Structures are given as structure tokens and as C-alpha cells.
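What follows is each chain in one-letter form.
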Amino acid sequence: MASRRPWYTGLRRRASFPVCACAGFMSSPVPPFCVWPLVPALREMLRGSDERRPAAREEEASASYSGRCSSSSGTEHLPRYHFGLLQTPLSTAGSAGGPQREADSLGRVVPPGPGPQLFSAAAGDSYFGDKSSYAENVSTMNFTSSSSARGLNSAWIGKTPLSSSRSGCRSRTPLMGYSVTSSSAVSAHLVASVIVAVVEGRGLARGEVGMASIDLKNPEVVLSQFADNTTYAKVITKLKILTPLEIIMSNTACDTGNTTKLFSLITDNFKNVTFTTVQRKYFNETKGLEYIEQLCTSEFSTVLMEVQSKYYCLAAVAALLKYVEFIQNSVYAPKSLKVRFQGSEQTAMIDSSSAQNLELLTNNRDSRNGHTLFGVLNYTKTPGGSRRLRSNILEPLVDAETINTRLDCIQELLQDEELFFSLQAVISRFLDTEQLLSILVQIPKQDTVNAAESKITNLIYLKHTLELVDPLKAALKSCKTHLLKAYYSSLEDKRFGIILEKIKTVINDDTRYTKGCLNMRTQKCYAVRPNINEFLDIARRTYTEIVDDIAGMITQLGEKYNLPLKMSFSSARGFFIQMNAECAALPNGQLPSEFTKITKMKNAYSFTSADLIKMNERCQESLREIYHMTYLIVCKLLSEIYEHIHCLYKLSDTVSMLDMLLSFAHACTLSDYVRPEFTDTLAIKQGWHPILEKISVEKPVSNNTYITEGSNFIIITGPNMSGKSTYLKQIALCQIMAQIGSYVPAEYSSFRIAEQIFTRIGMDDDIETNSSTFMKEMKEITYIMQNANDKSLIIIDELGRGTSTEEGIGICYSVCEYLLSLKAFTLFATHFLELCHIDALYPNVENNHFEVQHVKNSAGNKEKITYTYILSKGHTEEKNYGLKAAEVSSLPPSIILDAKEITTHIARQILQKQRATPETLRQRAVYHLATRLVQTARNSRLDPDSLRIFLKGLKKKYEADCPVSGQAQTEDGQ
Ligand SMILES: Nc1ncnc2c1ncn2[C@@H]1O[C@H](COP(=O)(O)OP(=O)(O)OP(=O)(O)O)[C@@H](O)[C@H]1O
């Protein structure tokens, strides 16, 4: 039942929730991309990497590439997607935390994984470790085909994103970083950064599909393997959910003239996604297993047991990782990745057109507005939280226990105001932990100024992140629910403290993440403590002097020309001069000739001078030196802390889950949502449409819903505009909300867990696939019929409108009969009133309709329909509402009259054939009595007296529905 939420009563008026003050990673000002000459000390430190795999390096140099992925010279492969590539040592993931119960990635409370000792043997002194088989794995690969290149050409080769976009190449490169507030989180998650490998079995194994994906911003490999049907619905749905940046498949999937169906479907469905084929030999399951053994961090090593005989996903991961390491010009550090197997049974499937129909993530009218389910629920403060919410909405949970664990947390957050606000305040200060991890676990094949600067930045981010662990623990200290306690336990991992202590021995206490590129530059410059490296201290003094000189020079210029000059900084220009045009009188309206590169924005002039340009160059030079020396110190520091770094996986999981739960609780405070229950009945008391509530000024009219196994097929009728589509979508949205662990917009709600949610909702013609309305309808309904099962929720709106009425009714009838053979819960809205009589044959059909009222004008000669949006039992009594709508239009009265006559005639003929006989009525009543009795036996929590009263009620209802046989039975005394 509904939980009481005293603290936020009236909050909507009182509180302005703090808008997220945190920003994600800012793109840092970087010097031009160049290869840094390695100094001896650095070379020494990196020797492990050079020696690690000479064979691989040779192979790389001689590799032949063709197509889009080929290299012109074959000597140097620069990253295609640049995420900042950093070195990572061989590491162990020794957990210093005790054997507490912790939370898994779905938010279930689980016992702790294998302890640190299990993998301690893998630890090594070398920065990179020595892995001969690993070296084998990261050798180069041949991309023999660049099919479906869609205009992409060899200009891609070895380009950094920057250079490729400059050369006019289509680039879908994810941004290096982004700042996220709750509102911008929507766009942030849309930047594709996932690469997926797909492989299908051959011969008898056709239809068995293996997939492996990695997010370039999140070092997590997700594997899946499943049997799909001929429409490959699961593959397409999974790919749509992943929103890939690039898909790779085996070249054998598109041998000339012999393209597989899966290949064609994928290329058709993902026209805007880069598509690459790789030689089949790289889809090698043995290599895949080796990869996982070598790269998977010990915390997640149990995945090996799950996947060791799943050959297709292993094959896919082999090709995927080899490809990613090639294009990124980096390798993943040993024992650094989170690897997870995702069976499709853990989550409910929502196909992509249903996701679109229901406006889960994107509004159909305007893709930029937030009138979506994501928009309703998204009050997340971190990019990780927002990504988690997105993936949960697309793949809701199916395990009631896990969902209830989440709901318990939300209930606690709603009841404990202090917990809510203190937790929200800490969470909003986190950056993108997953992205930070992703950068930390990649080993660059070359060290560049970029890489060095990025590493320093990331160390500062790491410090910032770790400093939030204690405040987060403090906020969670007194929590009571299982999941929150489990997250608290996961924060007790001693590795957080160990890493922070080590960082603090080298990095200044007050070095912190700040906004603004100049501020961040200063932080990086002075990050390392004084007296660690004498030369660094001197270089910093020089840098400070140059900056002071620049300031002095600008002051002097101001005095010389009597102008209010100001020193400014941008990452592109370095230091430059700014002047407010309104505060200065310029002789002849012109700036002195000494000033160059003058631009004017609104009221501000920006310019520089030859001297200032020189000073900037000196400044850059000294900065490079500083970064260089800082980099060496940071590398050494990171080599000491890497063995502990994997605790960040836990942290990022904790932060994103807490962020999502807080977001759900936040949404509850803005509307009166209720905690859902999970039973075998879909029962919603006074539920309303959550997105409509957000859009409209007045609260939407709420409605009741009751669907059980015995009455699992609801036909909904009502005039145009009476609220049918809105209601159907409302049910599906509430079901999704409940299954992701959110409260729902209703006074009371109970759901049967749906394994799949299907919708067919009339939309405009699909120009993209060149289908007519009718063909689109047919495709969608075929898809539903092929994939629905007894645990599905099916929403169908206006099927058959794309053809003639008779044919439409015929199609609807047969589709209904098919669906009626399932125990799926189906809601079927239609304008074909003839369909309502199907209840005479099928007792599990219920008719509901939307009521409208007829209001006469004051003169009493014209009637107007007003919509109540109230759902009532039975089918609509409204006759010919299409004709009424036509009457209001400008159609000539004679045409309307004819139309009315013909309609009455046809309707009479059809009705005569469809009247229910007394026998069908009796059968129907028996059926309903039986199903209610079964339901009562299964679920009743009533005490004997109440049960007796309830059963008497059932008997009465049966007698009312079927008076003749009811009497007969009573007379028999039964
Ligand atoms: N429960 C409700 N409360 C308030 N307004 C509603 C409600 N349901 C629907 N409406 C309003 O009525 C409009 C029409 O609703 P809807 O499109 O669901 O009608 P419909 O019966 O499906 O129409 P048609 O048969 O023409 O497709 C909606 O755009 C919405 O603004």
C-alpha cells in the first residue's frame, strides 16, 4: 500500500530542488597532438610495455588493412575514438573490504565475490606486466571488408576525431567529456560510444546469436548469447538499446551475393551506424576466453563460469576487443575490465517501436523536449545515473524481489528527509566515474602531450571522487533498508582510503576539480606538492613569472592607451586582452594598431598583440615542461595505486544506482505516486498518465484498471478524442515504471510482472522504410504475434484502420482470436464496435468504453460532445460518432444523410448475427466464477469469516449474471 511521506508534503511549493551543480569532465585545453619524445626515466618505466610483445608490434607494422579500416602506411595507428589513453599497470584487485553483503549491478543484495587471494598470483611488479599470451591477443587484425560503408572512406584511417572532423569526414566520435546537469543529462547519454560485435551460428546453429559490446566511456564488456527467431527481434532490440557507435560482424555474413538475413536486417535497421566487417577468424572463441581470463578484474571473474561454453559470445568478444584495441591505439590493462554476461531472462523486452510509441526516451513530436518517461523520472545528477535510468527504462526488471528491494529504498528516502537531502547533495558532486575508470584502464601505445595532460587531469578527478567516499558513507550511515546498507558496506572497502592516502603523499591537499579551463590548468600545474622535484618547482616559478609578466604587460598597455584592458584566457587562444566597448572612447573608433586578431562579441572586444603571442608561446613551453615532469611523478604514483583501482567499479555502480533511486524519490515528491505491489493481477486504482500530467495544467482524469488471468483481454471503445490512446499508453508506462522500481501515478497499484511489453499504436506512415500505413500495421502485428507469450503485456490501438472496414474487422477478429489463446494481458482499442461482441464467444474478454456527454446549446438545436475521459464497463453506446464528427465538418448535409442510412442498414445486419444466446451467457458466468475462485485460492489473505462473505458475494454475482442456472443450482441446494 501507499507509504506515508510526511516530510515532503507541500514540498512542491516550498522547495526548489538544488539544480545539479556538478559538471562532468570538462574538455581540457590541450596542446597540439604530438608524440612526446620519451625521456630516459619514462622509457625505463615503460620498458615493460615495449618488451611486452615484440611480435605484436612487428605484426602491426606489417599488417595489411583494406577498406575503411585500412592503414595507408601501416606504421602508426592513431586512435579513432579519442578518450584519453592512459597507462595502467598489471594489477590485482585485492579487496580490502570485509566479507560484507553487497549490491550487484541490478541493485540486488548479494554475498561478496571471491576474495583478493584468488587472483593475487597475477600481481606483478612491472608496470604493464609480462603476458605473452596477452601479447598474442593484442596482435593486429585484418579488416578485409568495409561493407555498408555508406559513404565512409579511407579518410578515416588513423585519424584522431579532431582531424577526421576537420577533413570533413563523418565522425560520430563521442566527446571526451561533458558536463551534466539534470536537464542536459538527456543529451549526454545520447552520445553513442558503444562498439558491438555480433556473430551468428552457421548451418544448424543459425539463429543462435552471440553479442559482445563495450562502451568506450565505460570499461565494461557485456556479453550475451541467445536463440533468436527468424525476425531477429531480440538482436535488433538489444542493438537499439545499446545505440551503438559502430557494429562489427564477420565478413562471411556478407560474402558477395550471399548476405545473411541477420546482416541485411542489421544494416537496414542501423543506417546511421558505422558498420565494419572483420575476418571470421577473429571471431575465435578460444581467444575470447583468453581475453576474458586476462582482462577481467577479479571482482567479476565468476563470469568465466557463465560464459565458458557460450561459444558465440566468446567469439564476438575476441573480435570486439581486438578491434577496439586496434582503433584506439591502446590496449586494456590486464585484470582491468568489468565483464558481465547478460541473459535476456533478467529483463523485460521492449521492442524499439514500442519504445518509440510510448515515448520512453524521445518525444515523437519534438525530439528535443523532455515530455517522455525519461523526462518524467530524470532528476539524476550524474552522467552514470542518467545512463542507468535510460537503460532501465528500456529494459525493466522482471524479478519482483529485486524491484521490491529498490522500492524499499525509495520508501526510506521518502520517509527520511535528512537522508534524501544529504545523499542528493553528495551524489551531485560526483563526476563521471565510469568514464574516469575507462581512461584509467587503457594503456596507450604512444605517450603524447595529450595523454600526459589527460593523465594529470584524471588523477585530480580520481582524488575528487575518492574524497567523496567518506561524505557518501556519512550520508548512508543510518540507513535501514537492505540495499542502502549493502551500498554502505561496499564503501567500507579499505582500498578507497589506501588510494587517497597515496595520492595525498604526492598531490597537494587543496588540489581539486574546478570549473573553467584556466582554473583547471592552474590546478594541474600546481597539483604535485613542492619539494618533490626541484626542477618542477623552478619550472612552476617560471610559469608564474610569465603569467605575472603578461598581467603587467596588459596593465601597461592599458595605461599607455588609456583603455580599460582586461586579461582573459581561453583554451584556444591562451591569454588575450578584452575590453568593454562601452567603457572606452576610441580615437577614430579604432583600436591602436599594435593590437591584432580583433574580434567583437556583443560589447566586448577581444584581441592580442605580437608581444602577447610570444609570451603565450613561452607560457605554453613552460607549461609543457611542467606537465612533463608532473606526468612522470603521476605515472609513478599511479603505478603504486593501480592494484587498488578496481574498487572504483563498485563506486561507480553505487553512485549510479543511488542517483537513480534518488531520482525516483524526487519524482514522487512532485506528484502523488504510490508504491506498486506485484501479484498476478493488473489492478490500478485511479491511475493517470505521467507524461500528460507533466504537460497539462490540470491533473489528467484518472481511471481504474483491472485485468486478471480470467479477464485478460480488454476491448476499449469510445468516440474519437475520448482518451483511448492516452489510457493505453498510461497502462504501459505505469507497468514500466513499476518494473524499474519506481513508484507509479495512481492511488493504488498492483502489477503482474511482464516479460515483454508490446505496443501497436497508429502513427503516421513510415517514410523511412517506405511502408504504407497498412503494411506497417501488419509488420507490427506480425511481430507481436510471433513474439508474445503468456507473460506479455500487449497494447493495440486501432488495428486495421489502414484497409476497408470489412477487412479491418476481419483482421482484428482473427488477431484477437489468436491473442485470446494466450494468457497475455491485452488492451485492444478499436472503432470497430462489431468487435465488442467477441465477448459472447470468449468469456475472458471484457468490454470497457470511454464515456462522453452530449450537451445541447442554449437554443437547443445543436449538440456538442464533451469528453469525460472516464472509463466505464461495457462497450460504448455512442453510435455513429464518426458521422457526428463529419456533421460538424463541412461535408454537405445530403451526403451525411445518405451515410447515416447506409450505416444503420449494415449495423443491423451485423448485429443480428452476433447476439449472444442464453447458453453463451451461462457459460460466461460459469467461466468467471471459476477464474475468480482460482484467483482467490491462489492469492487470498482473508481470514475465514471475510472469505465466507467474499464467496457469498461471488455466488450472488454469478446468480445475477446467470439467473436461470443460478436458480437451478440454489434449488438443488448446492
Ligand atoms: N485522462 C485524461 N485526462 C485529461 N485529458 C485527457 C485524458 N485522456 C486524453 N486526454 C486528452 O484528450 C486528447 C485525445 O486523447 P486520445 O488521443 O487518447 O483519444 P483517442 O480516443 O485515442 O482518439 P482517436 O480515437 O481519435 O485516436 C489527448 O490529447 C489529451 O489531451
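To start, this report covers the structure provided alongside it.

Basis of the calculations
Residues numbered from 1 in each chain as written. Predicted model: local features only at pLDDT ≥ 70, side-chain atom pairs only at ≥ 80, totals over all residues. Heavy atoms only, no water. Helix = DSSP H or I, 4+ residues; strand = E, 2+ residues; numbered from the N terminus. Buried < 20%, exposed > 50% of the residue type's maximum accessible area, 1.4 Å probe, protein only. Contact = heavy atoms within 4.5 Å. Areas by Shrake-Rupley, 256 points an atom, 1.4 Å probe, with all protein chains shown as cover. Pairing = 2+ DSSP bridges. Axes fitted to C-alpha atoms, helices over the stretch in contact; angles between N-to-C directions. Left-handed = near helix turned anticlockwise from the far one by under 90°. Nonpolar A, V, L, I, M, F, W, Y, C, P; charged D, E, K, R; others polar. 1 Å grid on protein atoms, 1.4 Å probe; cavity = no way out; pocket = protein on both sides within 12 Å on 5 of 7 lines; lining within 4 Å. Points joined across faces, edges and corners; volume = space filled by probe spheres on them. Parallel < 35°, antiparallel > 145°, perpendicular 65-115°, else oblique. Phe/Tyr/Trp six-rings, centres within 6.5 Å; stacked < 30°, edge-to-face > 60°.

### Quick notes on the overall build of the protein chain
Each helix and strand counted, the protein chain has 34 helices and 27 strands in total. Looking at the protein chain residue by residue over its 974 residues, the buried ones come to 55%. A separation threshold of at least 6 residues defines the contact pool for the protein chain, and within that pool the share at least 24 residues apart is 77%. For the protein chain, the accessible area works out to roughly 41,900 Å², and carbon and sulfur atoms hold 53% of it.

### Overview of the sheet that holds strand β4 (residues 208-215)
Taken in spatial order, the six strands line up as β9-β6-β3-β4-β5-β11 in an open sheet, and their pairing is mixed. The open sheet terminates on both sides in strands that have one partner only, identified here as β9 (274-278) and β11 (338-341). Averaged over all neighbouring strand pairs, the angle between strand axes comes to 20 degrees, with direction disregarded. In the sheet, strand β5 (residues 218-227) pairs with β11 via four bridges, with the strands oriented parallel. Across the sheet, residue L223 finds its bridge partner in β11, namely F341. In the packing of helix α7 (residues 233-242) onto the sheet, the strands contacted are β3 (194-200), β4, β5 and β6 (244-250), and the crossing angle to β4 comes to about 5 degrees.

### Considering the packing of α7 against helix α8 (residues 261-269)
Interaxial distance between α7 and α8 falls to 11 Å at its minimum, and their mutual angle equals 35 degrees. Along this stretch, α7 crosses α8, giving a crossing that reads as right-handed. On α8, the residues touching V235, I236, L239 and K240 of α7 are L262, L265, I266 and N269. A breakdown of the residues in the contact of α7 with α8 according to their chemical character gives six nonpolar, one polar and one charged.

### Details of empty space enclosed by the protein
A full pass over the atoms with the stated rule returns seven cavities of 30 Å³ or more. Reported here for the largest cavity is a volume of approximately 930 Å³. Broken down by secondary-structure element, the contributors of at least two residues to the lining of the largest cavity are α6 (185-189), β3, β4, β5, α7, β11, α14 (383-394) and α25 (647-670). Sort the elements by how many residues they give to the lining of the largest cavity and α14 lands first, with six residues. Its residues assigned to classes, the lining of the largest cavity shows 14 nonpolar, 15 polar and 13 charged.

### Digging into the packing of helix α20 (residues 482-491) against α25
Their axes nearest at 10 Å, the elements α20 and α25 cross at an angle of 150 degrees. Considered as vectors, α20 and α25 are oriented roughly antiparallel to each other. Two packed elements cross with a definite hand, and for α20 against α25 that hand is left-handed. Residues L483, L484, Y487, S490 and L491 of α20 pack against K650, L651, D653, T654, M657, L658 and L661 of α25.

### Quick word on the packing of aromatic side chains
Counting across every chain of the model gives 11 aromatic pairs. Relative to F275, the ring of F263 lies with its centre 5.1 Å away and its plane at 90 degrees, an arrangement referred to as edge-to-face. Of the two residues, F263 is situated in helix α8 and F275 in strand β9; the sequence distance between them amounts to 12 residues. By relative accessible area, which is 7% here, F263 ends up buried. For F275, a relative accessible area of 2% puts it in the buried group.

### Quick notes on the side chain of T826
Position of T826 among the secondary structure elements: in strand β25 (residues 825-829). What T826 contacts, discounting residues up to four positions off in sequence, is N712, F713, I714, I794 and L819.

### Remarks on the environment of E777
Its location among the elements puts E777 in helix α28 (residues 773-787). Distance from E777 to G800, taken between C-alpha atoms, is 7.4 Å for residues 23 residues apart in sequence.

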